[in-house]
Amino acid sequence: HRIPHPIPLICNGPDPAVQVLKVDKSVITRNGHRVGILAIASTLKNIGRKDYISKRGQQSFSIQVKDPSISGPRAIHIVKSEDFPTLRKGASITLRGRYEIPYFIEWGHRTPRYGECRATLIVYGTITYDPDISIDGNPHNDDCNLNNNMKQIPIKFMVGCPW
């Protein structure tokens, strides 16, 4: 038996969706130390059948880098963020940002040598809404598909241990 492939749903209202998340990795040397550079680009597009119309500050599209080894607000770094009070049907917004990794050794994971540690960061392209946006009485800012509001890419690398 073959499992039928799900047909992508196009909903009737506005549907802001994270369509692209791309990370380019490079290395620079600064003051004799290697620094890992993440060049990040993410694209949001309204793939729904209607324009998204809201008020300022009720929604944002952002590129974030999260360190899963720590918890709380310190774990998340917002690289770039943009409010999108209106987004016409078919329109898109692209954010570009850069994140630097200090104490960097090399990309990928391998057996650590003395003084080295494995590290992982998770890069996100994400849409966030005010908690009360679905009950604010404005149907034009109700995202009809909340399942396409985030993309993520894990980035593995070696660093000098923090101790």
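Check the entry above for the structure.
No experiment lies behind these values; they were computed from the predicted model shown.

## Here's the deal with the packing of aromatic side chains
Turning to step 1, where the next piece is worked out: Applying the stated criterion across every chain, the model contains five aromatic pairs.
Turning to step 2, where the next piece is worked out: Relative to Y129, the ring of Y52 lies with its centre 6.3 Å away and its plane at 35°, an arrangement referred to as tilted. Pair noted here: Y52 is in strand 3 (residues 52-53) and Y129 is in strand 9 (residues 116-129), with a separation of 77 residues, a long-range link.
Turning to step 3, where the next piece is worked out: Since its relative accessible area comes to 0%, Y52 is described here as buried.
Turning to step 4, where the next piece is worked out: An aromatic cluster of three or more residues is present, and its members are Y52, F84 and Y129.

## Digging into the side chain of N148
Turning to step 1, where the next piece is worked out: Here N148 is to be found in the loop between strand 9 and strand 10 (150-160).
Turning to step 2, where the next piece is worked out: For N148, a relative accessible area of 15% translates into the label buried.
Turning to step 3, where the next piece is worked out: Within the structure, N148 has its side chain in polar contact with the side chain of D15 (distance 3.2 Å).
Turning to step 4, where the next piece is worked out: Setting aside chain neighbours within four positions, we find N148 in contact with D15, P16, A17, V18 and I47.

## Observations concerning the layout of surface pockets
Turning to step 1, where the next piece is worked out: Computed from the structure, the largest pocket encloses a volume of approximately 540 Å³.
Turning to step 2, where the next piece is worked out: Taken together, 23 residues form the lining of the largest pocket, with D67, S69, A119, L121 and V159 sitting closest to its centre.
Turning to step 3, where the next piece is worked out: Counting residues per element, the ones that place at least two in the lining of the largest pocket are strand 4 (59-66), strand 7 (92-101), strand 9 and strand 10.
Turning to step 4, where the next piece is worked out: Across the lining of the largest pocket, the residue classes tally to 14 nonpolar, four polar and five charged.

## Digging into the sheet that holds strand 8 (residues 104-107)
Turning to step 1, where the next piece is worked out: The strand order 5-4-9-10-8 describes an open sheet built from five strands, whose pairing is antiparallel. With partners counted over all chains shown, the strands left at the sheet margins are strand 5 (76-83) and strand 8, one partner each. Each strand of the sheet is rotated relative to its neighbour by a mean of 25°, with strand direction disregarded.
Turning to step 2, where the next piece is worked out: Here strand 9 runs beside strand 10; their pairing, made up of eleven bridges, is antiparallel. In the sheet register, E116 faces strand 10, and the bridge partner there is G160.

## Some thoughts on the sheet that holds strand 1 (residues 16-30)
Turning to step 1, where the next piece is worked out: Ordered in space as 1-2-7, the three strands form an open sheet in which the pairing is antiparallel. Two strands lie at the open edges of the sheet, namely strand 1 and strand 7, each paired on one side alone. Strand-to-strand twist of the sheet, defined as the mean angle between neighbouring strand axes without regard to direction, takes the value 15°.
Turning to step 2, where the next piece is worked out: Sheet analysis places strand 2 (residues 33-46) next to strand 7, joined by ten bridges and oriented antiparallel. Paired with I40 across the bridge in strand 7 is G97.

## A word on the environment of I127
Turning to step 1, where the next piece is worked out: Looking at where I127 falls in the secondary structure, it is placed in strand 9.
Turning to step 2, where the next piece is worked out: Placed 45 residues apart in sequence, I127 and E82 show a C-alpha to C-alpha distance of 9.7 Å.
Turning to step 3, where the next piece is worked out: Other than its neighbours up to four places away in sequence, I127 contacts P16, A17, V18, L44, S60, F61, F84 and N149.

Basis of the calculations
Residues numbered from 1 in each chain as written. Predicted model: local features only at pLDDT ≥ 70, side-chain atom pairs only at ≥ 80, totals over all residues. Heavy atoms only, no water. Phe/Tyr/Trp six-rings, centres within 6.5 Å; stacked < 30°, edge-to-face > 60°. Helix = DSSP H or I, 4+ residues; strand = E, 2+ residues; numbered from the N terminus. Buried < 20%, exposed > 50% of the residue type's maximum accessible area, 1.4 Å probe, protein only. Polar contact = N/O pair within 3.5 Å; in protein donor to acceptor, adjacent residues only side chain to side chain. Contact = heavy atoms within 4.5 Å. 1 Å grid on protein atoms, 1.4 Å probe; cavity = no way out; pocket = protein on both sides within 12 Å on 5 of 7 lines; lining within 4 Å. Points joined across faces, edges and corners; volume = space filled by probe spheres on them. Nonpolar A, V, L, I, M, F, W, Y, C, P; charged D, E, K, R; others polar. Pairing = 2+ DSSP bridges. Axes fitted to C-alpha atoms, helices over the stretch in contact; angles between N-to-C directions.

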